[in-house]
Amino acid sequence: AAPARARPAGEAPIPKVVTEQGRHALLVDGKPFLVLGAQVNNSSNWPAALEHVWPAIEVLKPNTVMVPVAWEQVEPEEGHFDFSFVDTLLAQARERDVRLILLWFATWKNNGPNYAPAWVKLDNARFPRVVTADGRTLNSLSPHGQATLEADRKAFVRLMRHLRQADPQRTVIMVQLQNEPGTYGSVRDFSPLAQREFERPVPETLLRRLGRQPGTWREVFGADADEFFHAWHIARYIDQVAEAGKAEYPLPMYINAALRGPFNPGQPGQYASGGPTDNVLDVYKAAAPHIDLLAPDIYMPEYLHYTTVLDRYSRPDNPLFVAETGNRGEYARYFFSALGHQAIGWSPFGIDYTRYSNWPLGAKAMNPETLEPFALNYRLVAPAARVIAQASFEGRVHGTAEQPGEPVQRFPLDGRWNAVVTYGVPQFWFQGQPPGNPEPVGAALIVQLGPDEFLVTGIHARVEIVAADPAVAARQIYAYVDEGTYDADGRWRFHRRWNGDQTDYGLNFSDATQLLRVKLATY
Ligand code: N0T
C-alpha cells in the first residue's frame, strides 16, 4: 500500500516524541536521538553574538544547541515579521553539523514579559498584568488576557510557518514554549477578570484527570486552589499557542520549569507560581495535551535534590529532558544520573564566550577548563548516542553519579546481573573501605546490549558486573572486554582487548575516553 502521505524525496521525517510501555524516545531522522545539549546565554540570540557561541560549542561538542528566539526580535512592530536571525542561526548550525532547539521567549521569560515587543510590554491596558490580592500590578502578564494569547499565538504561528519552509533538513528538532513560566510575588492573578474565572466551576477535564468531584476551585482544591488555578490557566494558554504552532509544523514542544525545592518547597509566589513545578504536573498534563513534555531546569548541586528532581520528572506520561543545568563542574556527573532516569537529553546552561557568568548557579567563568568535565561526558557518550537512545527506549540503560559519602553503589541490571560501582580506589587491586573521590566527580554508564553483554563507560570509577546468583558469580569470567567506539553508521570499531591488570580488579575508568563492550560468561 502507498504511504498515507508521501514525503518529497530528500525531505527528512519531522522529529517527534514517541511513548511505548511508559518509555520514551525523541525520534530524529526517524530513529531515537539523545540530546547532548548546550544552551547559550539569554542574550546570545543575535547574529553578532553567535561568533562568541561557536568557539565554546567547538570545545564542548554537543550535538544540539539551544538558542532563544525572542518575540521582540521577530515582531518588533505589530504584524511586521523578521526571521533573519533564525535564518542566520540555521545556516551556521548546519555548517557546524549541530541540531537546534529554539526557545520561544515571549509572554513569560521567568515571570516577566521582558522579551515581548515594546508594543506588548508597554501596553498594560491591552495586555494586562497579574494583580496581587492587595491590588498591586506585577510585571508578569496575566494568562487571562485574551489579546495577549492571540498576539503571542499569532507570532508563534508565523515562526513555525517560517521554520516549516526554511528547515526541510530538520536542523531544529524541538521548540521550547516560553521560559520558566509562572509568577513571582503572587500565587495568581486577582484582577476582576481572573476573579470571575476563579469563581466558576473547575473544568471537567481536570476533575477527571485528578478524580475529583465538581465544584468551584476553592471547593475542590482548598488551600491549593489559587496555585492550581494559575497553573491551569498558564498551561491552557501555552497549550493554545503550541496547538496553533503544531498545526503549521508539528515539531515536539515542551515547557521548562523553574523548580521548587523538592523537600522544602516554600510558598507559591516565592517560587514561580503557575509554572510546571512538581506539585502541578498532573494539572499541566490535563491542561496541555499539545505539550510533549515538562522539563526541569536543575540548579541544585546536592545529590538527593538533583536525583529526586530526576525521579519526579521521569514518568510514564513525561519523558525526562533536563533543559538546563548548572555549568559548574559538580553538575557534570549528573548527566549519567539523567541517563539512568531514561532522559532523552540533558543540557548545561550558559555555554558561550560572551563573558557572562551566572555564578553562583554556574561557574565563575566560562572557558575551556570549565567546559572540560562536560566535554568529557560528550566525548564518552557521543559515538554511542544512538545506541543509548534506542536502548533507553527499551529500558536497557543504567547510569549513576557519585554521591558524597557513598563510595560504593550496587544496583540490579536485568535480574541476572548486578552492577557494583566504586569510587576513589586505585586502578590496581585495593582492599578496605573505599574513600570516594576527593571531589564527587565519578559516574558510570552500563547499557545492556544482549543477555550477557554490556556497553560500559565511566569517569573516575571502578565498575564490576556481578552475577546475582552467587553460584554463578563464583564461576564468572569475561568472555571479552573490548575497547572501541562506534563509527558514524553505528558499527562497532574494535581498538584493543582489555585483559590482565586492566580487568583483574574491575573495569577502572579515569578521565580517559574509553568505551568498552563487555561479554560475561561462566566456566
Ligand atoms: C534560568 C537561567 C536563565 C536553587 C538562570 C534559573 C534561564 C532560566 N533560570 O541563569 O535565566 O533562561 O531558565 C532560575 C534559578 C533560580 C535559583 C534556584 C536556586
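It should be noted that the structure appears before, not after, this text.
What counts, and at which threshold
- Residues numbered from 1 in each chain as written.
- Predicted model: local features only at pLDDT ≥ 70, side-chain atom pairs only at ≥ 80, totals over all residues.
- Heavy atoms only, no water.
- Helix = DSSP H or I, 4+ residues; strand = E, 2+ residues; numbered from the N terminus.
- Rg over C-alpha atoms; globule rule 2.2 N^0.38 Å.
- Buried < 20%, exposed > 50% of the residue type's maximum accessible area, 1.4 Å probe, protein only.
- Contact = heavy atoms within 4.5 Å.
- Areas by Shrake-Rupley, 256 points an atom, 1.4 Å probe, with all protein chains shown as cover.
- Lys, Arg positive; Asp, Glu negative; His and termini not counted.
- Charge placed at Lys NZ, Arg CZ, Asp CG, Glu CD.
- Pairing = 2+ DSSP bridges.
- Near = heavy atom within 4 Å.
- Polar contact = N/O pair within 3.5 Å; in protein donor to acceptor, adjacent residues only side chain to side chain.
- Nonpolar A, V, L, I, M, F, W, Y, C, P; charged D, E, K, R; others polar.
- Axes fitted to C-alpha atoms, helices over the stretch in contact; angles between N-to-C directions.
- Salt bridge = Lys/Arg side-chain N within 4 Å of Asp/Glu carboxyl O.

Asks: I'm lost on the overall build of the protein in this one. Help?
Replies: The helix and strand tally for the protein stands at 16 helices and 23 strands. Here the C-alpha atoms of the protein give a radius of gyration of 24 Å, agreeing with the 24 Å that 2.2 N^0.38 yields for 523 residues. When burial is assessed residue by residue, the protein has 57% of its 523 residues classed as buried. Sequence separation of 24 or more characterises 74% of the internal contacts of the protein that already satisfy a separation of 6 or more. When the accessible area of the protein is evaluated, it comes to approximately 21200 Å², of which 50% is carbon and sulfur surface. Charge centroids of the protein, computed over 50 positive and 58 negative side chains, lie 3 Å from each other.

Asks: How do you make sense of the pairing of strand E14 (residues 397-401) when you look at a structure like this?
Replies: Every other side chain in a regular strand lies on the same face of the sheet, so the side chains alternate between the two faces. Among the five residues of E14, five are classified as buried, and the element is accordingly described as predominantly covered. As judged from the five bridges shared by E14 and strand E17 (residues 443-450), these two strands associate in the antiparallel manner. Bridge pairing in E17 links His398 to Ile446.

Asks: It is not clear to me how the site of the ligand should be interpreted in this structure. Could you clarify?
Replies: Every residue lining the ligand is accounted for by Asn42, Lys109, Asn110, Asn179, Glu180, Asp297, Tyr299, Glu324, Phe349, Asn358 and Leu361. Take Asn42: an N or O atom from its side chain is 3.0 Å from an oxygen atom of the ligand. A distance of 3.0 Å is found between an oxygen atom of the ligand and a side-chain nitrogen or oxygen belonging to Glu180. In the complex, 67% of the free accessible area of the ligand, which totals 500 Å², lies under the protein chains. The residue inventory of the shell around the ligand, partitioned by class, reads three nonpolar, four polar and four charged.

Asks: How should the sheet that holds E17 be read in this particular structure?
Replies: Strand order in the open sheet made by the six strands is E14-E17-E18-E23-E20-E21, with antiparallel pairing throughout. Among the strands making up the open sheet, the edge pair consists of E14 and strand E21 (492-497). Strand-to-strand twist in this sheet, taken as the mean axis angle between neighbours without regard to direction, amounts to 30 degrees. As judged from the five bridges shared by strand E20 (residues 476-486) and E21, these two strands associate in the antiparallel manner. Bridge pairing in E21 places Gly484 opposite Phe494. Sheet strands touched by helix H14 (residues 385-393): E14, E17, strand E18 (453-459) and E20. Its angle to E17, the strand with the most contacts, is close to 75 degrees.

Asks: How do you make sense of the pattern of salt bridges when you look at a structure like this?
Replies: If the charged atoms of two oppositely charged side chains come close together, the side chains can form a pair. Scanning the entire structure with this criterion turns up 30 salt bridges. The shortest N-O distance in the salt bridge between Asp487 and Arg491 comes to 3.9 Å. Its relative accessible area of 52% is what places Arg491 among the exposed residues. Three or more residues are tied together by salt bridges with common partners; here these are Arg209, Asp282, Arg315 and Asp317.

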